[in-house]
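Coordinates in review
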Amino acid sequence: MQIGIDVGATKIESVVLEDNGNESHRERIPCPKEYTSIVSAIKVIHDKLQNEFKRELPIGVCHPGVHSPQTGLVKNAPNCYWLEKKPFQSDLRKALGKEVFCENDANCFALSEAIDGAGKHYKIVYGIILGSGAGGGLVIDKKIVTGPNGVAGEWGHNQIPYFLSKKENFETTSLREAEIESFISGLGLAKRFNKQYKKNLKTNEIFELNRKHDLDAERFIDEFKINLAMSLATIINILDPDAFVFGGGVSNEIDFLSEIETIVKKYVIGKEYDGVFLKPKYGDASGVRGAARLGRTTIY
């Protein structure tokens with residue numbers, strides 16, 4: 001048995017996972033928006049579960065951002081700013097008096113789906129998270145690949161392929177406006193659609209209009225399909241994953257994955273791709289399940 005903890009912007013979710021993948025416990029509580037309170041809440045959860053199961057339980061924690069290998073501090077966690085520049089893993093180890101394995105939430109999503117989820121039959125699994133942002137995680141042979149800087153898989157912060165972006169009129173000189181995330185994430189889609197069509201819609205409402213064959217929404221989602229497909233093609237040209245597993249709120253709106261696969265082939269070297277595009281087996285639960293798998297499943 002292993003404890004998995006998922007720290008998000010609004011919740012802390014916990015699970016006790018058996019080696020066979022069965023869950024012996026699952027609970028969700030609101031996440032405090034104060035750093036020391038989060039550490040204390042995780043200690044309370046850990047101590048409660050060890051008392052309940054009457055045994056020493058390994059623990060893994062997933063969260064937005066990553067621990068910098070250089071400083072040991074959390075970086076790239078804008079949605080959980082209270083974790084930024086904090087020694088989260090070190091403080092958890094001190095509070096719990098034991099080894100605690102921390103990892104990025106997208107990496108844990110990919111790990112869960114690669115071990116016993118939708119991607120369990122594949123060697124190279126790339127987890128795609130399309131939510132308010134655009135994140136990703138890379139798993140090879142059931143092990144997370146983090147890289148020496150802890151940012152492997154973060155495809156959403158690359159710039160959108162040039163020949164699509166060159167027609168955009170960026171308001172500032174910030175490279176963030178040209179990032180893939182700005183074109184395919186939930187926040188990015190809503191911002192661009194509302195600016196272009198003088199509306200005030202949420203991302204799910206734009207997808208709903210597309211399903212109702214609204215011409216503006218259809219035109220916009222067609223462009224989204226191309227931006228997504230071309231961005232995925234850059235991953236394929238570098239890593240050639242056997243499987244992509246799609247998670248996050250925007251992914252839940254996508255009911256045209258087969259169409260994306262077809263478009264991707266236009267941009268991949270050789271115009272061929274034999275990998276698969278999959279929906280996750282465990283959905284939003286994959287992060288916490290992946291956290292419970294940490295400890296022996298991370299490599300460079």
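All of the points below concern the structure found in this document. (Residues numbered from 1 in each chain as written. Predicted model: local features only at pLDDT ≥ 70, side-chain atom pairs only at ≥ 80, totals over all residues. Heavy atoms only, no water.)

1. Digging into the packing of aromatic side chains
Inspection of every chain in the model, using the stated rule, returns eleven aromatic pairs. Between Tyr 81 and Trp 82 the ring centres are 4.7 Å apart and the planes differ by 75°, which places this aromatic pair in the edge-to-face class. According to the relative accessible area criterion, Tyr 81 is exposed, its value standing at 56%. Given a relative accessible area of 7%, Trp 82 falls into the buried group. Ring plane angle 90° and centroid distance 5.8 Å describe the contact between Phe 207 and Phe 224, whose orientation is recorded as edge-to-face. (Phe/Tyr/Trp six-rings, centres within 6.5 Å; stacked < 30°, edge-to-face > 60°. Buried < 20%, exposed > 50% of the residue type's maximum accessible area, 1.4 Å probe, protein only.)

2. As for the side chain of His 63
Within the secondary structure layout, His 63 lies in strand β4 (residues 59-63). For His 63, a relative accessible area of 0% translates into the label buried. With residues near it in sequence (within four places) discarded, His 63 still touches Val 7, Val 74, Leu 83, Phe 88, Cys 102, Glu 103, Asn 104 and Asp 105. (Helix = DSSP H or I, 4+ residues; strand = E, 2+ residues; numbered from the N terminus. Contact = heavy atoms within 4.5 Å.)

3. Considerations on the nonpolar core
Across soluble globular proteins, nonpolar side chains show a tendency to be buried alongside one another. If you look at the biggest cluster of nonpolar residues, it comprises 38 residues, and the most contacted ones within it are Trp 155, Phe 224, Leu 232 and Phe 244. Those elements that provide at least two residues to this core are β8 (124-130), β9 (134-140), α5 (180-184), α6 (186-197), α7 (203-211), α8 (215-239), β11 (243-247) and α10 (257-267). Looking at which element gives the most residues to this core, the answer is α8, with nine residues. Every residue in contact with Phe 224, bar those within four places of it in the chain, is listed here: Phe 183, Ile 184, Leu 189, Phe 207, Val 250, Ile 254 and Phe 256. Val 7, Ile 38, Cys 80 and Leu 83 belong to the second largest nonpolar core, which has 27 residues in total. (Core = buried A, V, L, I, M, F, W, Y, C linked by side-chain atoms within 4.5 Å.)

4. A word on the state of the cysteines
A full pass over the atoms with the stated rule returns zero disulfides. Cys 31 forms no disulfide, and the closest cysteine sulfur to it belongs to Cys 80, at a distance of 6.1 Å. Cys 108 provides the cysteine sulfur closest to Cys 102, a residue in no disulfide bond, and the two sulfurs are 9.2 Å apart. Here Cys 102 falls in the buried class, since its relative accessible area comes to 12%. (Disulfide = S-S within 2.5 Å.)

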